[in-house]
Amino acid sequence: MKRAAAVALALAGACHTDPSAPHLARGNVLVNTGHRDEAVAEYREAARLAPRSALPRERLGDAQYDLGRKAVARVLGDQGDLAGARAELDAALERAPTNLFLLLSRGNLAARAGDRKAALADYERAVHLKSDNVPALYQYGLALLEDGQVPEASATFDRLLSVAPASPQGFYGRARVFAARGEGAFAAEALGEASRLVEPDARLRLAEQGLRGAALDDAVRKATDRSLAQMQADQAFSRWANDPGFRRAAWRQASR
């Protein structure tokens, strides 16, 4: 026990004396949350502060590699070459099989290509890798719904809301579950909660990206309007499109 404590103290001391350690730590967090552009900056700073250490350069190289593969995949996807885009992500995942960001991206491309089973498999794998990741849980829940697995989708969105109780994605997913069951009143209630949470969620995310003042307010307004418009256009709720009670409960935030 004394030996373990001594090792822990030594490691802690090393972290405090190594100026690159905080940047490596932040870079790792950013990679795990899908912010590879920002991670590259942290790893580059770590490499500058510790020029004799191989680890910062290795992490920097990995992040840049993944970004390169993702950039190529994005271009191919935008050009309609979904097969080529997926092949680029396949290659990236061979090198980094536990990369959550790449898994979700490949799942999204599979969904765009109409390959629902492949998309579901990637989202499921992402959730198994990181069971508290909100984007992974959200995409997995939607894929389960598309596959007709309504109880499993419901459990996934419940899990999402247990991780992030103020997540509009969680309530929106729950509304989709209720719609699949034909329960319009419950769907409207969940949509109303999702619409209420869209603006504060967008403000939090955009503020974390460094926006402030009028620029933040403008970006929040545009993001909120875009999200609400997409929610209102979802055909999952089309059967209640002319129901005044449903619209009033579901879109009360959008009408303010």
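Residues numbered from 1 in each chain as written. Predicted model: local features only at pLDDT ≥ 70, side-chain atom pairs only at ≥ 80, totals over all residues. Heavy atoms only, no water.

Observations concerning the side chain of Arg 106
Structurally, the position occupied by Arg 106 is in helix H6 (residues 100–112). Given the relative accessible area of 15%, Arg 106 is considered buried. Of the polar contacts made by the side chain of Arg 106, one reaches the side chain of Asp 122; its length is 2.8 Å. Apart from residues no more than four positions distant in its own chain, Arg 106 is found in contact with Arg 86, Leu 89, Asp 90, Leu 93, Asp 122 and Arg 125. (Helix = DSSP H or I, 4+ residues; strand = E, 2+ residues; numbered from the N terminus. Buried < 20%, exposed > 50% of the residue type's maximum accessible area, 1.4 Å probe, protein only. Polar contact = N/O pair within 3.5 Å; in protein donor to acceptor, adjacent residues only side chain to side chain. Contact = heavy atoms within 4.5 Å.)

A few points about the nonpolar core
Within the largest apolar cluster, 51 residues are counted, with the highest numbers of intra-cluster contacts made by Phe 157, Tyr 172, Leu 191, Met 231, Phe 237 and Phe 246. The leading source of residues in this core is helix H8 (residues 134–146), at 9 residues. Filtering out sequence-adjacent residues up to four positions away, Leu 191 remains in contact with Tyr 172, Ala 175, Met 231, Phe 237, Phe 246, Ala 250 and Trp 251. Within the second largest apolar cluster, 9 residues are counted, among which are Leu 24, Leu 30, Ala 46 and Leu 60. (Core = buried A, V, L, I, M, F, W, Y, C linked by side-chain atoms within 4.5 Å.)

Side note on the confidence of the model for the protein
Across the protein, the average pLDDT comes to 84, with 84% of residues at 70 or higher. Of the regions scoring below 50 in pLDDT, residues 1–16 engages in 1 contact with residues more than four places distant in sequence or in other chains. (pLDDT = per-residue confidence, 0-100.)

So, the packing of aromatic side chains
Tallied over the entire structure, the rule returns 5 aromatic pairs. Ring centres 5.2 Å apart and planes at 15° place the aromatic pair Trp 240 and Phe 246 in the stacked group. In this pair, the class of Trp 240 matches that of Phe 246, namely buried. Aromatic ring contacts, followed pair by pair, group Tyr 172, Phe 237, Trp 240 and Phe 246 into a single cluster. (Phe/Tyr/Trp six-rings, centres within 6.5 Å; stacked < 30°, edge-to-face > 60°.)

Overview of the environment of Arg 36
Relative to the assigned elements, Arg 36 resides in helix H3 (residues 36–49). Taking relative accessible area as the criterion, Arg 36 reaches 5% and is therefore assigned buried. Separated by 26 residues in the primary sequence, Arg 36 and Asp 62 have C-alpha atoms spaced 9.9 Å apart.

Here's the deal with the packing of helix H10 (residues 168–180) against helix H11 (residues 184–208)
Here H10 crosses H11 at 160°, and the two axes come no closer than 8 Å. Overall, the two elements H10 and H11 adopt an arrangement that is roughly antiparallel. Crossing hand, H10 versus H11: left-handed. Contact residues: Pro 168, Gln 169, Phe 171, Tyr 172, Arg 174, Ala 175, Phe 178 and Ala 179 in H10; Phe 186, Ala 187, Ala 190, Leu 191, Glu 193, Ala 194, Leu 197, Val 198 and Asp 201 in H11. Looking at side-chain class alone, the contact of H10 with H11 contains 13 nonpolar, 1 polar and 3 charged residues. (Axes fitted to C-alpha atoms, helices over the stretch in contact; angles between N-to-C directions. Parallel < 35°, antiparallel > 145°, perpendicular 65-115°, else oblique. Left-handed = near helix turned anticlockwise from the far one by under 90°. Nonpolar A, V, L, I, M, F, W, Y, C, P; charged D, E, K, R; others polar.)

Digging into the packing of helix H9 (residues 150–163) against H10
For any two helices packed against each other, one specifies the inter-axial angle together with the distance between the axes. Contact geometry of H9 with H10 gives a least axis separation of 9 Å together with a crossing angle of 160°. As summarised for this structure, H9 and H10 are arranged roughly antiparallel, according to the angle between their axes. The two elements H9 and H10 meet at a crossing, and its hand is left-handed. For the pair H9 and H10, contact is made by Val 150, Ala 153, Ser 154, Phe 157, Asp 158, Leu 160 and Leu 161 and by Gln 169, Gly 170, Phe 171, Gly 173, Arg 174, Val 177 and Ala 180, respectively. Each residue belonging to the contact of H9 with H10 can be placed in one class, and the counts come to 8 nonpolar, 4 polar and 2 charged.

Quick notes on the side chain of Asp 122
Positionally, Asp 122 belongs in helix H7 (residues 116–129). Looking at Asp 122, the relative accessible area reads 7%, which means it is buried. The residues touching Asp 122, leaving out its near neighbours within four places in the chain, are Leu 103, Arg 106 and Gly 107.

A few points about H7
Look at H7: 20 Å from first C-alpha to last across 14 residues, which is about the 20 Å you get at 1.5 Å a residue. Structurally, H7 contributes buried residues whose contacts are with H6 and H8. (Expected span 1.5 Å × (residues − 1).)

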